[in-house]
Amino acid sequence: MMVLVDLCRELIKLGVHVGLSDARPALSVRGGLALRKVWIEVDPSGESFVWRRDDRAHHADDPAGAAARIAKYLKKLDAAPGERS
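Given the structure is predicted, the values throughout are model-derived calculations rather than measurements. (Residues numbered from 1 in each chain as written. Predicted model: local features only at pLDDT ≥ 70, side-chain atom pairs only at ≥ 80, totals over all residues. Heavy atoms only, no water.)

*Asks:* Can you walk me through the side chain of S28 in this structure?
*Replies:* Locating S28 in the fold gives a position in strand β2 (residues 26–30). If sequence neighbours within four positions are ignored, S28 has contacts with H17, V18, G19, K37, V38 and W39. (Helix = DSSP H or I, 4+ residues; strand = E, 2+ residues; numbered from the N terminus. Contact = heavy atoms within 4.5 Å.)

Right, dumping it as structure tokens:
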């Protein structure tokens, strides 16, 4: 799906490590190579990017906005317990 390619480009600009699934239309993202991986898909309607942890979603017609939210989410996810605010 082209929206995943657009999202991939925006995430790379923000320094997020991105991988493409060869088994399904999805991206894997993580803040660093040793950090937790989060999968991002496009919902069946094609209207939203969805990342399953905590059921997060963002409109698919806004890859830049989704990338910013995902990068912020990864930063919070990967922070030490005392740094999560």
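Additional details are given in the paragraphs that follow.
*Asks:* Sorry, what's going on with the packing of aromatic side chains here?
*Replies:* What describes a pair of aromatic rings is the distance from one ring centre to the other and the angle between the planes of the rings. On inspection of all chains with the given rule, the structure shows zero aromatic pairs. Lying over the aromatic face of W39, R24 brings its terminal NZ or CZ to 4.7 Å of the ring centre. (Phe/Tyr/Trp six-rings, centres within 6.5 Å; stacked < 30°, edge-to-face > 60°. Lys NZ or Arg CZ within 6 Å of the ring centre and 35° of its normal.)

*Asks:* Would you take a moment to explain the pairing of strand β3 (residues 38–42) for this structure?
*Replies:* Counting buried positions over the five residues of β3 gives four, a clear majority of the element. Relative to β3, β2 runs antiparallel, the two being bridged by four bridges. Across the sheet, residue L27 finds its bridge partner in β3, namely I40. Here three bridges tie β3 to strand β4 (residues 48–51), and the two strands are oriented antiparallel to one another. (Buried < 20%, exposed > 50% of the residue type's maximum accessible area, 1.4 Å probe, protein only. Pairing = 2+ DSSP bridges.)

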